[in-house]
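Now for the letters of each chain:
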Amino acid sequence: AGYQEAALNRAKVIFSALPGNNPEVARQLPYSGGMRLGFYLVANGTTDGVIQGGNNPGEVYFSIPQANAAGIKPLQVSETNGQFTLAWEDTPNLGNSDFNDLLMTFEIQQQNLTLQQAIANFQGDKEAELFDLRLLAGREVQTEFPIVNSEASYNNVFGLYRVENKEGTVIDPISGESFNPGDTGYTAAAIRLSQSAQKGVSLNRNNQGLATTLEGGFLYAPFLIADSTPDTVLDGNPLNDPSVYFSFIGANSDGVDHVRLLGDNTIGFEDLANGGDRDYNDSVFQVNFSFV
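Below is a summary of the structure that appears in this document.

**Re the sheet that holds strand E3 (residues 75-80)**
Moving on, step 1. Read across the sheet, three strands follow the order E3-E4-E5 without closing on themselves; strand pairing throughout is antiparallel. The open sheet is flanked by E3 and strand E5 (102-106), the only strands paired with a single partner. Sheet twist, expressed as the average angle between the axes of neighbouring strands with direction ignored, equals 20 degrees.
Moving on, step 2. Pairing geometry for E3 and strand E4 (residues 83-88), over six bridges, is antiparallel.

As structure tokens, then:
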């Protein structure tokens with residue numbers, strides 16, 4: 001009892017797989033020698049959603065059989081020349097036992113993180129689909145969006161805004177007031193930041209290749225405005241407020257996880273309330289960073 005909660009609260013998400021064909025992605029994660037690592041899979045859900053609870057959070061399967069109901073073994077592992085292949089079965093009671101529902105490989109390497117990997121270092125922590133530019137304090141950071149995809153009928157606006165810490169605190173650029181996720185005023189302050197020079201950026205499905213600059217030395221978090229615009233969020237009329245979703249579940253009016261990490265600095269959104277169809281491909285973007 002309590003194993004799942006303890007395990008997921010110390011876990012790091014490697015990536016999420018969307019329905020259908022997924023592009024090959026690679027991540028390099030830093031761990032200290034001598035550590036033991038277990039693996040897990042969340043079927044039809046997200047890690048943050050399972051931790052938060054609520055309706056249909058998803059089913060969790062561990063690589064350690066004793067942690068699963070009836071001691072089932074949902075993972076098969078093979079090894080070739082130091083490269084391990086993990087083959088998952090993601091259905092209850094092992095379904096058809098084809099063990100091809102998710103395939104991933106990993107190997108141990110000894111090399112430094114690239115700039116992109118270092119910026120993605122927090123990504124995969126609890127509610128931490130964050131972009132870490134703190135190592136670039138005092139620098140202007142070129143920010144490009146080489147991939148912007150949308151499978152949604154909605155015309156969404158999405159992007160990044162500056163946060164003060166991993167918990168998502170923001171400082172309103174107009175009033176100077178501080179807000180935490182869930183506070184009245186948080187959404188407006190976050191969207192104002194996304195519209196402020198070097199404190200954020202917003203784009204839509206037509207902005208693939210967009211380039212701008214952000215101020216180094218801060219964390220940046222993703223947001224999505226469902227089928228509306230920043231102007232509508234900030235017009236002061238609560239009667240036409242659209243749904244706005246963040247990586248911090250406490251800031252989402254429905255209390256549901258709407259963001260998935262698809263790979264280093266690559267984010268996917270679900271734009272429908274209460275999790276919608278949970279395909280998380282309604283708006284997808286990837287960010288590349290470089291020095292100005």
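So, next bit.
**With respect to the environment of Arg 27**
Moving on, step 1. Note that Arg 27 resides in the loop between helix H1 (3-9) and strand E1 (40-43).
Moving on, step 2. In this structure, the C-alpha to C-alpha distance between Arg 27 and Asn 265, residues 238 residues apart in sequence, is 10.0 Å.
Moving on, step 3. Excluding its chain neighbours within four sequence positions, the residues that come into contact with Arg 27 are Val 13, Ile 14, Ala 120, Gln 123, Leu 261, Gly 263 and Asp 264.
Moving on, step 4. Here the side chain of Arg 27 touches Ile 14 through a polar contact of 2.9 Å, landing on its backbone oxygen.
Moving on, step 5. Of the polar contacts made by the side chain of Arg 27, one reaches the backbone oxygen of Ala 120; its length is 3.4 Å.

**Details of the packing of aromatic side chains**
Moving on, step 1. Counted by the stated rule, this structure contains twelve aromatic pairs.
Moving on, step 2. Between the aromatic rings of Phe 131 and Phe 289, the centroid separation amounts to 6.0 Å while the plane-to-plane angle is 55 degrees, which identifies the pairing as tilted. Remark: Phe 289 occurs in strand E17 (residues 283-291) and Phe 131 occurs in strand E6 (residues 131-132); sequence separation between them is 158 residues.
Moving on, step 3. Residue Phe 289 is classed as buried on the basis of its relative accessible area, which comes to 4%.
Moving on, step 4. Relative to Phe 285, the ring of Phe 158 lies with its centre 5.8 Å away and its plane at 5 degrees, an arrangement referred to as stacked. Of this pair, Phe 158 sits in strand E8 (residues 157-163) while Phe 285 sits in strand E17; the two residues are 127 residues apart in sequence, bridging distant segments of the chain.
Moving on, step 5. The exposure class of Phe 158 is buried, given its relative accessible area of 1%.
Moving on, step 6. Grouped by ring-pair contacts, the aromatic residues Phe 145, Phe 158, Phe 269 and Phe 285 constitute a single cluster.
Moving on, step 7. For Arg 139, the ring lying beneath its charged end belongs to Phe 291, and the centroid distance is 4.2 Å.
Moving on, step 8. The cationic tip of Arg 162 hangs over the ring face of Phe 218; the distance from NZ or CZ to the ring centre is 3.7 Å.

**What about the pattern of salt bridges?**
Moving on, step 1. Per the counting criterion, the structure on display carries seven salt bridges.
Moving on, step 2. Residue Glu 164 is joined to Arg 162 by a salt bridge in which the shortest nitrogen-to-oxygen separation is 3.7 Å.
Moving on, step 3. Residues joined in a network through salt bridges with shared partners are Lys 12, Asp 125 and Lys 166.

**Brief notes about the nonpolar core**
Moving on, step 1. One finds Phe 131, Leu 133, Phe 145, Leu 160 and Phe 285 to be the most contacted residues of the largest nonpolar core, which totals 23 residues.
Moving on, step 2. Contributing elements (two or more residues each) for this core: strand E7 (140-149), E8, strand E11 (200-203), strand E13 (219-225), strand E15 (259-263), strand E16 (266-269) and E17.
Moving on, step 3. If sequence neighbours within four positions are ignored, Phe 131 has contacts with Ile 119, Gln 123, Leu 160, Phe 218, Leu 219, Tyr 220, Asn 265, Ile 267, Phe 285, Val 287 and Phe 289.
Moving on, step 4. Counting 22 residues, the second-largest nonpolar core is a separate cluster that includes Val 157, Val 170, Ala 190 and Ala 221.

**What to know about the sheet that holds E7**
Moving on, step 1. On the basis of which strands lie adjacent, the open sheet formed by five strands has the order E12-E7-E17-E16-E15 and antiparallel pairing. Across the chains shown, the open sheet's two edge strands, defined by having one partner strand only, are strand E12 (211-215) and E15. Averaged over neighbouring strand pairs, the angle between their axes works out to 35 degrees when direction is ignored.
Moving on, step 2. In terms of strand pairing, E15 meets E16 through four bridges, oriented antiparallel. Bridge pairing in E16 places Arg 260 opposite Gly 268.

**Looking at empty space enclosed by the protein**
Moving on, step 1. For the coordinates displayed, the defined rule picks out one cavity of 30 Å³ or more.
Moving on, step 2. Considered as a void within the structure, the largest cavity measures approximately 30 Å³ in volume.
Moving on, step 3. Looking at the largest cavity, the residues that line it are Arg 27, Gln 28, Leu 29, Pro 30, Gln 117, Ala 120, Asn 121 and Asp 264.
Moving on, step 4. A class-by-class count of the residues in the lining of the largest cavity yields three nonpolar, three polar and two charged.

The rules behind these values
Residues numbered from 1 in each chain as written. Predicted model: local features only at pLDDT ≥ 70, side-chain atom pairs only at ≥ 80, totals over all residues. Heavy atoms only, no water. Pairing = 2+ DSSP bridges. Helix = DSSP H or I, 4+ residues; strand = E, 2+ residues; numbered from the N terminus. Axes fitted to C-alpha atoms, helices over the stretch in contact; angles between N-to-C directions. Contact = heavy atoms within 4.5 Å. Polar contact = N/O pair within 3.5 Å; in protein donor to acceptor, adjacent residues only side chain to side chain. Phe/Tyr/Trp six-rings, centres within 6.5 Å; stacked < 30°, edge-to-face > 60°. Buried < 20%, exposed > 50% of the residue type's maximum accessible area, 1.4 Å probe, protein only. Lys NZ or Arg CZ within 6 Å of the ring centre and 35° of its normal. Salt bridge = Lys/Arg side-chain N within 4 Å of Asp/Glu carboxyl O. Core = buried A, V, L, I, M, F, W, Y, C linked by side-chain atoms within 4.5 Å. 1 Å grid on protein atoms, 1.4 Å probe; cavity = no way out; pocket = protein on both sides within 12 Å on 5 of 7 lines; lining within 4 Å. Points joined across faces, edges and corners; volume = space filled by probe spheres on them. Nonpolar A, V, L, I, M, F, W, Y, C, P; charged D, E, K, R; others polar.

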